[in-house]
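Here is how the chains run, residue by residue.
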4 protein chains.
Amino acid sequence: MARAANGMKAAVLRKLRQKLKVEAMPIPEPGHGEILIKVVACGVCHSDLHAVDGDWNPGPVLPLIPGHEVAGTVAGLGTGVAGFKVGQRVGVPWMFSACGVCEFCLAGMETICQKGEATGYSKPGGYAEYMVAPAAFVAKLSPRIDMHEMAPILCAGVTTYRGLKRTSTRPGQWVTIVGIGGLGHIAVQYARAMGMRVAAVDVSEEKLKLARRLGAEFVADASKDDPAKLIQEKLGGTHGAIVTAVATRAFEQAIRMLRPGGTVSYIGLPGGKADEIRTSISAITNWELSVRGSNVGTRLDLHEAVAFATNGLIRAKIEKQPLKAVNAIFDRMRRGKIVGRVVLDIG
Amino acid sequence: MARAANGMKAAVLRKLRQKLKVEAMPIPEPGHGEILIKVVACGVCHSDLHAVDGDWNPGPVLPLIPGHEVAGTVAGLGTGVAGFKVGQRVGVPWMFSACGVCEFCLAGMETICQKGEATGYSKPGGYAEYMVAPAAFVAKLSPRIDMHEMAPILCAGVTTYRGLKRTSTRPGQWVTIVGIGGLGHIAVQYARAMGMRVAAVDVSEEKLKLARRLGAEFVADASKDDPAKLIQEKLGGTHGAIVTAVATRAFEQAIRMLRPGGTVSYIGLPGGKADEIRTSISAITNWELSVRGSNVGTRLDLHEAVAFATNGLIRAKIEKQPLKAVNAIFDRMRRGKIVGRVVLDIG
Amino acid sequence: MARAANGMKAAVLRKLRQKLKVEAMPIPEPGHGEILIKVVACGVCHSDLHAVDGDWNPGPVLPLIPGHEVAGTVAGLGTGVAGFKVGQRVGVPWMFSACGVCEFCLAGMETICQKGEATGYSKPGGYAEYMVAPAAFVAKLSPRIDMHEMAPILCAGVTTYRGLKRTSTRPGQWVTIVGIGGLGHIAVQYARAMGMRVAAVDVSEEKLKLARRLGAEFVADASKDDPAKLIQEKLGGTHGAIVTAVATRAFEQAIRMLRPGGTVSYIGLPGGKADEIRTSISAITNWELSVRGSNVGTRLDLHEAVAFATNGLIRAKIEKQPLKAVNAIFDRMRRGKIVGRVVLDIG
Amino acid sequence: MARAANGMKAAVLRKLRQKLKVEAMPIPEPGHGEILIKVVACGVCHSDLHAVDGDWNPGPVLPLIPGHEVAGTVAGLGTGVAGFKVGQRVGVPWMFSACGVCEFCLAGMETICQKGEATGYSKPGGYAEYMVAPAAFVAKLSPRIDMHEMAPILCAGVTTYRGLKRTSTRPGQWVTIVGIGGLGHIAVQYARAMGMRVAAVDVSEEKLKLARRLGAEFVADASKDDPAKLIQEKLGGTHGAIVTAVATRAFEQAIRMLRPGGTVSYIGLPGGKADEIRTSISAITNWELSVRGSNVGTRLDLHEAVAFATNGLIRAKIEKQPLKAVNAIFDRMRRGKIVGRVVLDIG
Ligand SMILES: [Zn+2]
Ligand SMILES: [Zn+2]
Ligand SMILES: [Zn+2]
Ligand SMILES: [Zn+2]
Ligand SMILES: [Zn+2]
Ligand SMILES: [Zn+2]
Ligand SMILES: [Zn+2]
Ligand SMILES: [Zn+2]
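Under an unreviewed UniProt entry, the name given to chain A is alcohol dehydrogenase, and the organism recorded is Hypericibacter terrae. As stated in UniProt under Cofactor (unreviewed entry), the record for chain A gives "Zn(2+)". Under the UniProt heading Sequence similarities (unreviewed entry), the entry covering chain A gives this text: "Belongs to the zinc-containing alcohol dehydrogenase family."

Below, the structure written as structure tokens:
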């Protein structure tokens, strides 16, 4: 396995709530069943900010190299790896690994495996020139796709795709996408590719315009109207809804956007005080609504989400930045100043 | 249609939150597609109390004859009724009628039909010697069953049966029944008949003993322990849960009783301030939990729930009382002093 | 109810296997719950030919007015009809009525109701200026659609739509459409609208070109290659398949086109000797394949199929003909000389 | 890893269609991720006979040690094995391994993994004192069960359990078990434990009596009546059916036993000429029937099937025999002279 003897660059968090520092690190060795990946691009996800800020419990493993929207090429193979060769393109998602033998893994619910590891959280991620990942858990990427555009599919794509699936909305039915940001603008595209009719809710006129361009048939500006009321009046409610916004109020409102019998998927994690929502039992019972959690995605979701993108049906709106810009990007993210997705250009 | 010329006795509510009065009323005439029913037995459901107290919005249609767990015999046929004859046994549930043509009715979700009528709420019910009901919405009852024991199946049975179905708990998996009262003691039996393993939660030792006798393998006394903690420690959480209790806290706790990926059905309606619950978004998202409403049952649920009881798999624990005792029964219900189900002995 | 006193024209079959005769008939009276419909357009379906030829058992009720792809306007209302007004556009499908109360009707499977009636088979159909139908079973059509193009949706559309649903193929997965004729060219469009990837199989180069234009990504010419072998080699088999062809061999081949775990829907009825197919048990067992029947569609399917067409996602390729041309059309159909769908221009 | 230095005894097939020979063999070494198992009991399945006779294509890997209903104890651990310790009880099913990363494995359909290996067919099985198996694919067995009675659960149990699941029969609905032999008598018990109502079909009065004792409510003697006709007349058909018999006719009849909308699972493999069945397209289409293959079971099925047995709900009727009796047992099996299941007593 020939490669630069003098290590790699990586953006590292040494202490929670501090700045990342781009430092020289040893290139990791792939263990049994693992591959070494030369990172080409890595998306910056809102979850990376939660990791750095220590918003969730348990917190990340320090020192931390964040990043879980990784597109790269195979640079080396550990023992026991079959079906991969050096130079091949791969993608690494949030779900670094799962145990493979628990009742959840065996039931196609590896997203809730109690022994799962998370890329860029409990394991080193893609804010680096190299990383390792278990061969069984990466996605194979096509030579014909744009690696930087594919990066956000590996988290934002998979997460919204599974979220949509878990609403059980069928082709021809309506789904509301609450929040048309990094996740939402991708969710609109998956919903359309899955044959759904889309209602989009946001507080920004510009983002609602983007939603319309991407195929939303109905938009509601929550800064001007009560979106739930509007959706009930105009559409009779929607069969499904997913909440990509992080405001508690968005989660509460989403239930009221549903048509009787409808399902809302929660795919975000506001964290801290924003974690608690108030719900009306009678609304849920009388109209037989469902509220379902959806946690990133399984490998099946990953492969399917990547396939949609590879076939040209999903295209993330991205902005490229160098690795060293990571702290500035986090600042902009904190201030809500990012449109679409920032992708670190590493390779 | 030969019958007593001098009318019938019925327990009538003239004004919300007042006592019912047993009065003479004209025997109603069955309209097109309707049958006249001579009531034999009518269960007293907690919802009757909510109706009388005006707890729900919109309120009942006054004057009101409550009662929606009606077992009786056909006493007359309106025009256009086929497949019924006088003397035949029938049961009337909460769902008096649904429109039959809306998207919900056509999707097997007539429980959420926006044009549905409710027995003993928007239409006269079974606290009377006679009532009418649409032939298409009643259950045919077997000559071999006990009419008084069957009455509670028509609401308590159907409601818990559908609630269990909506948890998607499969045979061999665990379900928690929260509250072992009028609904709960029937829910335990349906769960067992459906092949589920049962955990029962209540604050009364006596009710937990009853649950054990009916087949619960695990019981938790919520007056002594945190039942959610106990269920997580001993069972790893349960795949499903239904909440038959009316305390807000029970609804909140039930979510914490679930195994990752599990589903809780809400089948009750506490009403008023107790309607609002607090939920953790991260609990739902991280463990991919589902919260689903379940509103009484469809006709399919009704026929299936009745069939289980007819086959001897479900048996309601009942106490017979005369119609005139209705106000006293409501008083006992308010004070939580009823064990099992009170059934009015009318016919 | 004002209308022409001197009756209506209709194409009538007096004896099996004879020519239809266009005769004067009395305009039918709508009964309770029925509407009178002035027919504007009626598609000519292959099933009409089976009816006239007496291919199925039991045969049609004679004298027979065929036609079950009826687009028309309400011309009169029977008693007990609500929600319709004269002049409103409606469509009548094959499923004239179902009982509404049997276990199949209540389970959302009214397609298999044992008491169902069939338009243009057991009840007079749309090869006439007027017909009656139960209000509860017709589709409401939009003022903005083309009535002649909508007609084929009412059978060919509904049937292929339900057939596709019953394959359980998910958005992003592959489905094979075997036969790109009257049903098949519509099936390709529904599959695309439902997010599926389409493989098309036919023996006509022209029809395969049409399939490509309508969105098929893969086509196989069964006159040149073994389509099952090709589909296995190039696509690894498809997740779903529907057979719209009437050759026995097509039914047998379709199973071999499936990917492991795949499902084929049978939506056609070859009749007579062609009814019997040979299947390999080991193919089904080893690869866990499913073979499922699909019989026209429920009202839910009807409303959904119409909605897809109303939204511009499905467009039948039609040829208009006058009512009197019906026997000539049947002749062409027998010789396989019809491309797309012939629609009788009646109103 | 301390064990007998002088090897083990095993029943080995050196050439298709010849007798097995009990010989001394070296004890195998567990590889990475594998465990060495000391065999206690191994059931004799009809598939073992098919293997020895070379009935299927591709045939078994020679020399072959058959046996895939293995109950034993852990005797040694390969590298990379966690969660097991020496002395612990384990069970090995037909599915020796699956790749874990293909679309089928990831979709919870590892039964159809194209890279799967089969115990006692492509890999050495349990007709031996020792065998190895991948730790990830064995079942952990309770200390409180009888190892000999548990052995048949590992194939007969898992196979019928999955077959029943794939009929989608719900609790309270009817299922027909065709054939009450080694698989069928276990299928009756799973069906009852899953809340189904059971109809049993066989040609032996004794076996039908056994079915009754195990909970079948309806039995049909196919040597005296047309069982399909009887089941239609008396039960209106059953919602589900599984075919455990190996006669082609049983497969054909089973479809005719179904209620409209019903599903039959094929779980057996007659092989050779008996593999081809004739089916009526119109029966399948008109009544919307489903025919589904079911191929042994996944690990999830395995763990669930074992749990039912551990909880005392399933009990195989067994006859113990020594390893050296294997050829005599095969002879009896060929002549249909085995009641219940023969289990080799090895440990
Ligand atoms: Zn796991
Ligand atoms: Zn992310
Ligand atoms: Zn009630
Ligand atoms: Zn309705
Ligand atoms: Zn047709
Ligand atoms: Zn029906
Ligand atoms: Zn076996
Ligand atoms: Zn595999």
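**Q** Please clarify how the coordination of the zinc ion (ligand 1) should be interpreted in this entry.
**A** Ideal values for angles at a metal depend on the geometry: 109.5 degrees with four tetrahedral donors, 90 or 180 degrees with six octahedral donors. All names here are of chain A. Distances from the zinc ion (ligand 1) to its protein donors, namely C99 (SG), C102 (SG), C105 (SG) and C113 (SG), fall within the range 2.3 to 2.4 Å. For the zinc ion (ligand 1), the 4 donor atoms in the first shell make angles of 104 to 118° at the metal, a pattern classed as tetrahedral. Sequence spacing of the donor residues for the zinc ion (ligand 1), all on one chain, is C-x2-C-x2-C-x7-C. Each member of the pair, C102 together with C105, is buried.

**Q** Honestly, the interface of chain B and chain A in this entry has me stumped. Any pointers?
**A** Interfaces are frequently sized by the accessible area removed from exposure as the parts join. The partner chain A presents 39 residues to the 39 residues of chain B that form the contact. Overall, the association of chain B and chain A removes approximately 3,200 Å² of surface from exposure, summing both partners, and the carbon and sulfur fraction of that is 53%. For the chain B face of the interface with chain A, the top three residues by lost area are B:I281, B:T285 and B:E288, together amounting to 22%. Along the contact surface separating chain B from chain A lie 7 salt bridges. Between B:E288 and A:R162 there is a salt bridge, with the nearest N and O atoms lying 2.7 Å from each other. Every element with two or more residues in the side of chain B that touches chain A is listed here: α2 (103–106), β14 (258–266), β15 (276–280), α9 (281–286) and β16 (290–293) of chain B. Split by residue class, the side of chain B that touches chain A holds 16 nonpolar, 14 polar and 9 charged.

**Q** Sorry if this is basic, but what is going on with the environment of A:H185 here?
**A** All names here are of chain A. Note on placement: H185 falls in helix α5 (residues 184–193). Separated by 23 residues in sequence, H185 and L208 have C-alpha atoms that sit 9.4 Å apart. Ignoring sequence-local partners within four residues, the contact set of H185 consists of I180, L210, L214, R315, A316, K317 and G340. Within the structure, H185 has its side chain in polar contact with the backbone nitrogen of K317 (distance 3.0 Å).

**Q** How do you make sense of the pairing of strand β8 (residues 130–134) of chain B when you look at a structure like this?
**A** A regular strand places its side chains so that they alternate between the two faces of the sheet. All names here are of chain B. Where burial is concerned, most of β8 is hidden: 5 out of the 5 residues are buried. Of the two faces of β8, both are covered, the one formed by Y130, V132 and P134 as well as the one formed by M131 and A133. Sheet topology note: the strand β3 (residues 34–43)/β8 ladder contains 5 bridges and is antiparallel. Counterpart to E34 in the pairing with β8 is P134.

Rules used throughout
- Residues numbered from 1 in each chain as written.
- Chains lettered and ligands numbered in written order.
- Predicted model: local features only at pLDDT ≥ 70, side-chain atom pairs only at ≥ 80, totals over all residues.
- Heavy atoms only, no water.
- UniProt positions renumbered as here; feature names shortened; annotations may be inferred.
- Donors = N, O, S within 2.8 Å, 3.2 Å for Na, K, Ca; no water.
- Tetrahedral: all angles 85-135°; square planar, octahedral: opposite > 155°, others 65-115°.
- Buried < 20%, exposed > 50% of the residue type's maximum accessible area, 1.4 Å probe, protein only.
- Contact = heavy atoms within 4.5 Å.
- Buried area = accessible area lost by both parts, 1.4 Å probe.
- Salt bridge = Lys/Arg side-chain N within 4 Å of Asp/Glu carboxyl O.
- Helix = DSSP H or I, 4+ residues; strand = E, 2+ residues; numbered from the N terminus.
- Nonpolar A, V, L, I, M, F, W, Y, C, P; charged D, E, K, R; others polar.
- Polar contact = N/O pair within 3.5 Å; in protein donor to acceptor, adjacent residues only side chain to side chain.
- Pairing = 2+ DSSP bridges.

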